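Below are the chains, spelled out letter by letter.
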Amino acid sequence: LRYFLLREVPFGSDGNFSYDALVTRYNADLANGLGNLAARTLKLARDLGAEPGEFAHPAAAAAREAYEAFQFHRALASAWEIVTYLDGYLVEKAPWKQSREEAAATLRHALGGLQLVCELVEAAIPESVAKIRAQIEGAPLGPVFPRADAKE
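Conventions used here
- Residues numbered from 1 in each chain as written.
- Predicted model: local features only at pLDDT ≥ 70, side-chain atom pairs only at ≥ 80, totals over all residues.
- Heavy atoms only, no water.
- Helix = DSSP H or I, 4+ residues; strand = E, 2+ residues; numbered from the N terminus.
- Rg over C-alpha atoms; globule rule 2.2 N^0.38 Å.
- Buried < 20%, exposed > 50% of the residue type's maximum accessible area, 1.4 Å probe, protein only.
- Contact = heavy atoms within 4.5 Å.
- Expected span 1.5 Å × (residues − 1).
- Bend = angle between axes of the 7 residues up to and from the residue.
- Phe/Tyr/Trp six-rings, centres within 6.5 Å; stacked < 30°, edge-to-face > 60°.
- Arc of directions from axis to C-beta.
- Salt bridge = Lys/Arg side-chain N within 4 Å of Asp/Glu carboxyl O.

Colleague: Sorry, what's going on with the overall build of the chain here?
Modeller: Secondary structure summary: the chain contains six helices and zero strands in total. Relative to a compact globule of 152 residues, whose C-alpha radius of gyration would be 15 Å, the chain shows 16 Å and is just as compact. Projecting the C-alpha coordinates of the chain onto the three principal axes gives extents of approximately 50 × 40 × 25 Å. Burial analysis of the chain (152 residues in total) assigns 41% to the buried set. Sequence-distant contacts, at least 24 apart, represent 70% of the contacts inside the chain between residues at least 6 apart.

Now the structure itself:
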């Protein structure tokens, strides 16, 4: 809910809320976006023993500037530019088809990006970021964001 409100409603403005919009945003951004990125990256990185590497992206500066201006919706949108980039990067590089050495380099880059995303979205989803960070540090892999509309 915190993520949805920060992402959808400009700070200090009125906004619209519906359960359907919440579920749609949750599934699109968190379960299918960051959740899938984290699960795929962490599983492959664990299989190869890859550690996070250096990562920079211009959207990070935009996110930080937006946070400083209390434009949380813009900050989170900028962070999701990085999620989208990383997802495309993994599809393009296809580390599952690369040599072990190439795949490790690809995953170091992706893990570094995942760490940056965690830094940028921690205020909105602190518990989920803690789960991702724990998995980067070697805790057992499990779903970070189950689909909101999934049946139990």
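Colleague: Looking at this structure, how should I read helix α2 (residues 19-48)?
Modeller: Every α-helical turn comprises 3.6 residues, leaving residues that sit three or four positions apart pointing alike. Taking 1.5 Å as the rise per residue, α2 with 30 residues should run 44 Å; its terminal C-alpha atoms sit 40 Å apart, in good agreement. Maximum bend of α2: about 35°, positioned at Asn27. One or two residues past the end of α2 sits Gly49, with phi positive at roughly 70°.

Colleague: I would appreciate a short explanation of the packing of aromatic side chains in the present structure.
Modeller: Where two aromatic rings form a pair, the distance of their centres and the angle of their planes describe that pair. Tallied over the full model, the rule gives eight aromatic pairs. Both rings, one in Phe4 and one in Phe17, keep their centres 5.5 Å apart while their planes meet at 85°; by these two values the pair is edge-to-face. Pair noted here: Phe4 is in helix α1 (residues 2-8) and Phe17 is in the loop between α1 and α2, with a separation of 13 residues, a long-range link. With a centroid separation of 6.0 Å and 45° between ring planes, the pair formed by Phe55 and Tyr85 is classed as tilted. Residue Phe55 is located in the loop between α2 and α3 (58-68), and its partner Tyr85 is located in helix α4 (residues 72-93); the two are separated by 30 residues in the primary sequence. Looking at Tyr85, the relative accessible area reads 32%, which means it is partly exposed. Counting every residue linked through ring pairs, the aromatic cluster contains Phe11, Tyr67, Phe70 and Phe72.

Colleague: Mind showing me how you'd approach the environment of Ile82 here?
Modeller: Residue placement: Ile82 occurs in helix α4. In this structure, the C-alpha to C-alpha distance between Ile82 and Leu34, residues 48 residues apart in sequence, is 9.9 Å. With residues up to four places along the chain from it excluded, the contact list for Ile82 reads Phe55, His57, Ala59, Ala60, Gly113, Leu116, Val117 and Leu120.

Colleague: Just to check I follow, could you spell out α3 for this structure?
Modeller: Considered for burial, the residues of α3 that qualify are Ala59, Ala60, Ala63 and Ala66. Around the axis of α3, the buried residues are gathered within 125° of arc, so they sit on the same side. Counted as exposed and oriented over 90 degrees from the buried face of α3: Pro58, Glu65 and Glu68. Residues of α3 that are buried sit in contact with α4 and α5 (100-121).

Colleague: What exactly am I supposed to notice about unusual backbone geometry here?
Modeller: Negative phi characterises most residues that are not glycine, and trans characterises most peptide bonds. We note that Phe70 has phi near 60°; this positive angle belongs to a residue other than glycine. Residue placement: Phe70 occurs in the loop between α3 and α4. Its identity as a non-glycine residue notwithstanding, Ala94 has a phi of 45°, on the positive side.

Colleague: Help me understand the pattern of salt bridges in this model?
Modeller: Side chains carrying opposite charge are able to pair once their charged atoms draw close together. Tallied over the full model, the rule gives seven salt bridges. The shortest N-O distance in the salt bridge between Arg25 and Asp29 comes to 2.9 Å. Residue Arg25 and its partner Asp29 are located together in helix α2, separated by four residues, close to a single helical turn. Taking the shortest distance from any N to any O, the salt bridge between Glu119 and Arg64 comes out at 2.4 Å. Residue Glu119 is found in helix α5, and its partner Arg64 is found in helix α3; the two are separated by 55 residues along the sequence.

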